[in-house]
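An overview of the molecular structure
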Amino acid sequence: MKPRFVFLILFLMLQKAGAVDECDLSQGGSVILQPGLEETAQSAGSDLAEKLSSITGAVFQVSTNREGAVIQLKLNSKPSAPLERDSYSIRTSRDGIEMVGNSELGLQHAIWDFLYRIGYRQYFPGKTWEIIPKIGDLKVAIDVSESPAYANRRIWYGYGLWEHNKEVYRDWVKKNRMNGSFTLNTGHAYHRLIRSQQAEFDAHPEYYALLQGKRKIHEHSKLCISNPGVIEAAERYGIEYFNNNPAADSVSVDPSDGGNLCECQNCAKLGEPNDRALILANAVAEAVINEFGDQKYVGMYAYNYHSSPPTIPVHPNVIISVATAFIKEGMKVDDIIAGWSDKGAIIGIREYYSVNTWDRDLPGAARGSNLEYLSETIPKFHRNGARFLSAESSDNWGCNGLGYYFASRLMWDPDEAGSKDKIVAEFIDNCFGPANTPMAQFYQLIDGSNSRARLVYEDLLARMYRCLSEARSLAANHEDVQRRIDDLILYTRHAELFNTYRRSSGQDRQQAYKAVIRHAYRIRDTYMVHSYGLYRDVHNRDKTVALPAEAYWKVPESENPWKNSARYSGNEIVSFLKEGLENYEVVELDFEARRYAENDLVPASTLLPLDPLPPGICQVGRGKRSWFSVVEKAPTKIVLNITGGLIKHYRDRGNVQVQLYKVGGASETGEEMTLVAEDFSVPPHGVERVVELPVTEPGVYRINLDDGSDMTKVTWPHGQFMTIKMSLDDYPKKITGRWTLYFYVPENTQKIGIYSAASAGQLLDPEGNVALELKQPGGEFLSVPVPGGMSGRLWKVSKAAGGVRLLNVPPFLAQSPEELLLPIDSVTF
């Protein structure tokens, strides 16, 4: 099909190019390579000739003869610094096009960028997702010089690949300029260091970490960094690494994973784990540049126990890759970046766009599917100084493919975040043409930023199947579009099968697990789900199911009853679609949801006659929680009794962080809330501490608490207004144990609309009668009629376990009527 946007792009090129001469490619031409170019550039030149021939219908070939339009591929004659090797320029003239790269890889980037500019796309791996425009009368005028924002750009698969998937992955990387010429090595490396110096370590067991009075002799051990012999061994390791790998840019000296730091007195004197790890990295960097010059680097993570910024300077040739997960001490990623930068570090980012054990290729479950997250973080990291970005991902293009493609654009040019809607619309139009409307809806459903779509999973499946059904009908006469839609039907089938598996038990669970694995394997060449990761790992994490020996993932297909490579037929795919439509119904709400403002909260006691009621409870939780309070007279203090660190093995998450915001009113930066106080004094020691937050003005306040997903108990003095919001968009992430809270149902309310994902609990009317059972572990929208005389009064969520959200009544709940706050317009006078 012919993408409609191509002519517009060419027109804009001509307008922007100004004095740049136009090159006519409609009659074919020659691709001429500078003598001496090696395989990377030669292969890219052949790709260019092949794609231009397909696009124009004319003949292009790699040649030494100057026939037709001449496209010259050259290397910059000036040597480039390591972080500038991906740069290139493209300039057209009446006679042809000149592409100049700072390296052969830079030249390859120029070729694929040029093809991108004339409409070529490789959205996902494989032929199905390749877009080749047809432009017989191709004329271009271009004059650009390009350099990537991130010198190293990686989207890689954390759980590996089947052998046949590797080539299509490398092809996608190449065509989207994701193979940076600077290779940053930052992975856990102490085991490599030990192996490379094994004789030395065998002779000196004191080089290993001291734990409980004994040296832990293991290749993944931490090291006794205070021992001068360890420093010398590490320096030799770095020098030998570059001697054996002269083209390498960096060597990793990152510690082995986990804890078990050396407990000897001399290591303790060196400081915290971050300082110890950095001492070793700095020493290796100095030894390496003394041997090879300043174009070689040492890589290390800021991760886990050594994530916090150090107290000592970072060597100029040490690159610190900041992990966005597994952070200790409760620090924020932005603060870690700033802290390491302040000590002189070159910054990289170690991201997690998809981890198979976390998301299992389900829709919207991974960062890689969240376009808002990508458009926010990739530019922000770059603004904060990051120049390397490595994202662990998965071979799951069904749920994350659009995100991976979008991220590849932003890693080269973060300013493209501002073109998110345009990039998405172009993807939808190019890939789905006549079916663009339902497929736009499909991708909105599986966007990770659309958390509402996933509240009721069966409703999500129903909507996905209906989008795909409509799209398939609209694309009936477009085979290329239908192939893409069919791949996404097979993906949605996986989302359905995995949901059945995770909800099942006993023998049903084993059979559901088998269905997941067999389906994932059979569709592995669609790249829709990470079949390799699922096959290898699910049974390891779930001991209620078993992978039979004869079905083990390494057993060849000819001997494996679970493996079948036959592609699903069109009839089978239609059958899956039909079953999905029959099995899942769209949830239609029988009430109208309503939003309530926070800035006009007032004590319920000022609006309603309140009778004394038994107090409820909601004190313990994990992660991020919030409360609203109202201060009627100031100055005063909001007092909290906080006990952090209730989970002992999570006490490395840092102190409990408390922030107080004034809601509404003047704000220097234009936000609806202004930070007025904060307290980070409560350690995760399991001991109650009193926190006093000073307040200088009357008004509505919001208290935010974050314990890094440890567990924290919060109480407060009797009579202090403390109300929790539980709406679709604003709710406590995890309340621990059973909880009981009161809420208000306005006058004349006919039905109460609720979303419940609770595993237990009841909704009680004002007389204490059970109005609704809230147990809905999978999540459901519920409603309950409000009998006469029961509106305009307080109802109660009783002994709930899990999440409940109020949708059409004020979503503000409190332990007692005396602590409850309500929007002033929720009460009829």
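Computed from a prediction, not measured in an experiment: that's the story for all the values here. (Residues numbered from 1 in each chain as written. Predicted model: local features only at pLDDT ≥ 70, side-chain atom pairs only at ≥ 80, totals over all residues. Heavy atoms only, no water.)

1. What to know about the sheet that holds strand E20 (residues 620-622)
Ordered by their spatial adjacency, five strands build an open sheet running E25-E22-E27-E20-E29, and the pairing between neighbours is antiparallel. Looking along the sheet, the strands with just one partner apiece sit at the ends: strand E25 (688-695) and strand E29 (734-735). Relative to strand E27 (residues 712-715), strand E22 (residues 636-643) runs antiparallel, the two sharing three bridges. Among the inter-strand pairings, Thr 643 is bridged to a residue of E27, identified as Lys 713. (Pairing = 2+ DSSP bridges. Helix = DSSP H or I, 4+ residues; strand = E, 2+ residues; numbered from the N terminus.)

2. Quick notes on the sheet that holds strand E34 (residues 780-785)
Sheets are built from strands that pair by backbone hydrogen bonding, the pairs being arranged parallel or antiparallel. Read from one edge to the other, the open sheet built from three strands follows the order E34-E31-E36, with strand pairing classed as antiparallel. The sheet is open, and its two edges are formed by E34 and strand E36 (804-806), each paired on a single side. With strand direction ignored, the average angle separating the axes of adjacent strands in the sheet is 30°. (Axes fitted to C-alpha atoms, helices over the stretch in contact; angles between N-to-C directions.)

3. Here's the deal with the pattern of salt bridges
Under the definition given, this model contains 49 salt bridges. Across the pair Asp 652 and Arg 653 runs a salt bridge whose closest N-O atoms are separated by 3.7 Å. Judged by its relative accessible area of 16%, Asp 652 falls in the buried class. Within the structure, one salt-bridge network assembled from shared partners comprises Asp 47, Glu 50, Lys 51, Lys 127, Glu 130, Asp 171, Lys 174 and Lys 175. (Salt bridge = Lys/Arg side-chain N within 4 Å of Asp/Glu carboxyl O. Buried < 20%, exposed > 50% of the residue type's maximum accessible area, 1.4 Å probe, protein only.)

4. Section: the packing of aromatic side chains
Under the counting rule described, the total for this entry stands at 40 aromatic pairs. Taken together, a centroid distance of 5.5 Å and an interplanar angle of 85° make the contact between Tyr 241 and Phe 242 edge-to-face. Residue placement shows Arg 509 over the ring face of Tyr 501; its charged tip is 4.5 Å from the ring centre. In this arrangement the basic side chain of Arg 522 is found over the ring face of Tyr 568, its NZ or CZ atom lying 4.0 Å from the centre. (Phe/Tyr/Trp six-rings, centres within 6.5 Å; stacked < 30°, edge-to-face > 60°. Lys NZ or Arg CZ within 6 Å of the ring centre and 35° of its normal.)

5. Some details on the nonpolar core
Grouped together as the largest cluster of nonpolar side chains are 135 residues, with contacts concentrated most on Tyr 353, Phe 432 and Tyr 443. The leading source of residues in this core is helix H17 (residues 479-503), at ten residues. Formed by 44 residues, the second largest nonpolar core is a distinct cluster that contains Ile 642, Val 682, Phe 743 and Val 745. (Core = buried A, V, L, I, M, F, W, Y, C linked by side-chain atoms within 4.5 Å.)

6. Quick notes on helix H10 (residues 333-342)
Of the positions making up H10, those classed as buried are Val 333, Ile 336, Ile 337, Gly 339 and Trp 340. Angularly, the buried residues of H10 cover 165° about the axis, an arc narrow enough to put them on a single face. The inward-facing, buried residues of H10 contact helix H9 (273-292), strand E15 (297-304), strand E16 (318-327), strand E17 (346-352) and helix H12 (371-383). Gly 344 sits one or two positions beyond H10 and adopts a positive phi of about 100°. (Arc of directions from axis to C-beta. Contact = heavy atoms within 4.5 Å.)

7. Remarks on the packing of helix H18 (residues 506-522) against helix H19 (residues 531-541)
Between H18 and H19, the least distance of the axes is 8 Å, while the angle of their chain directions is 155°. The angle between the axes of H18 and H19 places the two elements in the roughly antiparallel class. Two packed elements cross with a definite hand, and for H18 against H19 that hand is left-handed. Along the contact surface, H18 presents Tyr 513, Ile 517, Ala 520 and Tyr 521, while H19 presents Ser 531, Leu 534, Tyr 535, Val 538 and His 539. When its residues are assigned to classes, the contact of H18 with H19 shows seven nonpolar, two polar and no charged. (Parallel < 35°, antiparallel > 145°, perpendicular 65-115°, else oblique. Left-handed = near helix turned anticlockwise from the far one by under 90°. Nonpolar A, V, L, I, M, F, W, Y, C, P; charged D, E, K, R; others polar.)

8. A short note on the state of the cysteines
As enumerated under the stated definition, the model contains zero disulfides in all. Distance from the sulfur of Cys 267, which forms no disulfide, to the nearest cysteine sulfur (Cys 264) is 3.6 Å. Using a relative accessible area of 1% as the deciding quantity, one classes Cys 267 as buried. The thiol sulfur of Cys 399 is not disulfide-bonded, and the nearest other cysteine sulfur, from Cys 431, lies at 16 Å. (Disulfide = S-S within 2.5 Å.)

9. Notes on unusual backbone geometry
In the segment running from Ala 634 into Pro 635, the intervening peptide bond is cis, with an omega of 5°. Relative to the elements of secondary structure, Pro 635 occurs in the loop between strand E21 (624-631) and E22. Of note in this structure, Arg 177 is not a glycine but carries a positive phi near 55°. With respect to the element layout, Arg 177 can be found in the loop between helix H4 (165-175) and helix H5 (190-196). Positioned with a positive phi, Asn 304 is a non-glycine residue whose angle comes to about 55°. Along the polypeptide, Asn 304 turns up in strand E15.

10. Details of the confidence of the model for the protein chain
The share of residues in the protein chain with pLDDT of 70 or more is 97%, and the mean pLDDT across the chain is 94. Across residues 1-17, where pLDDT falls below 50, the model places 36 contacts with residues more than four positions away in sequence or in other chains. (pLDDT = per-residue confidence, 0-100.)

11. Focus on the pairing of E22
Buried residues dominate E22, accounting for six of its eight residues. Relative to E25, E22 is paired through eight bridges, and the arrangement is antiparallel. Looking at the pairing, Thr 643 lines up with Glu 688 of E25.

12. So, the side chain of Ser 626
Along the chain, Ser 626 turns up in strand E21. Of note is the side chain of Ser 626, whose polar atom sits 3.0 Å from the side chain of Arg 702. Side chain to side chain, Ser 626 and Asn 704 meet in a polar contact 2.8 Å long. Ignoring anything within four residues of it in the chain, the contact list for Ser 626 reads Arg 702, Ile 703, Asn 704 and Ile 724. (Polar contact = N/O pair within 3.5 Å; in protein donor to acceptor, adjacent residues only side chain to side chain.)

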